[in-house]
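Working through the structure, step by step
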Amino acid sequence: MLEHIPQWIGELLKNVRAGHSKLVIAQDGIHTNGQRIDISSPAFASGARLPERFTADGEGVSPPLVWGPVPEDTTSLALIVEDPDAPATSPLVHAIVWNLPVADGRLAEGAIAKDGAGVPGGADVGRNSYLAEGWLPPDPPTGHGSHDYVFQLFALSGLGEIGSNPGRSDFVTAIEGRVLAAGILVGTYSRGEDAVIGFTATAPAAT
């Protein structure tokens, strides 16, 4: 894992980053019609540092998420979590989940985990950038600076053919032309520098 990269290499690559313009939500084929979904977490505030529990330095479980109303004609939701600050040509994918039920309004802590064929008639978890199902815990190189972990939630009017265990390109193809609204939540994490663990949870309870 990336924690084993020497700090001097992380510092050398500090300005090598995939870029926020390459996030799925920023792609030309993803049109949100200007409609937004309020997405938050009871575990960290938007823009704040992720608690260690959700990273490779802790238990490495996925954080809980909650979201607000979606357009009435939404048939399902899809989630992708990316790190645009990864020292790579494309953002690192930390999670893919599709076919989230509209009525649920939440994902519990640890819910983004290997699930095989998924829940019958319900959500299914796809592949992260390490080609494994489930949550890829944040693991930035020491000395590389702060990384954003961008949770992108899409309300869909349907879902294209996505296969049984999709990756990022499958995900993008499946949602193109079907996005009704989208929401973003950003958590940050870093190694090898002073960091304030900032969290004040104000997320509404799911009902």
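Before reading on, note that the structure itself is shown above.
The text that follows walks through the structure, step by step, so that each part is easy to find. (Residues numbered from 1 in each chain as written. Predicted model: local features only at pLDDT ≥ 70, side-chain atom pairs only at ≥ 80, totals over all residues. Heavy atoms only, no water.)

A few points about the overall build of the protein chain
Counting its regular elements, the protein chain contains 2 helices and 8 strands. In the protein chain, which comprises 207 residues, the share counted as buried stands at 48%. Restricting to contacts in the protein chain with at least 6 residues of sequence separation, those with at least 24 account for 77%. (Helix = DSSP H or I, 4+ residues; strand = E, 2+ residues; numbered from the N terminus. Buried < 20%, exposed > 50% of the residue type's maximum accessible area, 1.4 Å probe, protein only. Contact = heavy atoms within 4.5 Å.)

Here we look at the nonpolar core
What tends to happen in soluble globular proteins is that the nonpolar side chains get buried as a cluster. Formed by 27 residues in total, the largest nonpolar core has its most connected members in Trp67, Leu79, Leu100 and Phe151. Among the elements of the structure, β2 (65-67), β3 (76-83), β4 (92-100), β7 (147-156) and β8 (179-189) are those that each provide at least two residues to this core. Here this core takes 4 residues from β7, the largest share from any one element. Core analysis: the second largest hydrophobic core is formed by 16 residues, Val24, Trp98, Phe171 and Ala182 among them. (Core = buried A, V, L, I, M, F, W, Y, C linked by side-chain atoms within 4.5 Å.)

A look at the sheet that holds β4
As summarised here, the arrangement of the 5 strands in space is β6-β4-β3-β7-β8, forming an open sheet in which the pairing is antiparallel. For this open sheet the edge positions go to β6 (124-125) and β8, each flanked by a neighbour on one side alone. In this structure, β3 lies alongside β7, joined through 7 bridges in antiparallel fashion. Its bridge partner being in β7, Val81 is matched across the sheet by Phe151. (Pairing = 2+ DSSP bridges.)

Points about unusual backbone geometry
What is expected of a backbone is that most residues other than glycine have negative phi and most peptide bonds are trans. The residue Asn99 is not glycine, and still its phi comes out positive at about 60°. By the element assignment, Asn99 lies in strand β4. Under the relative-accessibility criterion, Asn99 is labelled partly exposed at 29%. Residues other than glycine seldom take positive phi values, yet Leu131 does so here, at roughly 65°. Mapped onto the elements of the fold, Leu131 is located in the loop between β6 and β7.

Description of the side chain of Ser62
You can see Ser62 is positioned in the loop between β1 (39-40) and β2. Dropping the residues within four chain positions of it, Ser62 is found in contact with Phe54, Ala108, Glu109, Gly110, Ala111, Ile112 and Trp135.

Structural notes on the pattern of salt bridges
Scanning all chains against the criterion turns up 6 salt bridges. Between Asp85 and Arg17 there is a salt bridge, with its nearest N and O atoms 3.2 Å apart. Of this pair, Asp85 sits in the loop between β3 and β4 while Arg17 sits in the loop between α1 (7-12) and β1, and the two are 68 residues apart along the sequence. Residue Arg17 is classed as partly exposed on the basis of its relative accessible area of 26%. Ionic pairing is found between Glu109 and Arg53, a salt bridge with its closest N-O pair at 2.3 Å. One end of the pair, Glu109, is in the loop between β5 (106-107) and β6; the other, Arg53, is in the loop between β1 and β2, with 56 residues separating them in the sequence. We classify Glu109 as partly exposed; its relative accessible area is 36%. A relative accessible area of 34% places Arg53 in the partly exposed class. (Salt bridge = Lys/Arg side-chain N within 4 Å of Asp/Glu carboxyl O.)

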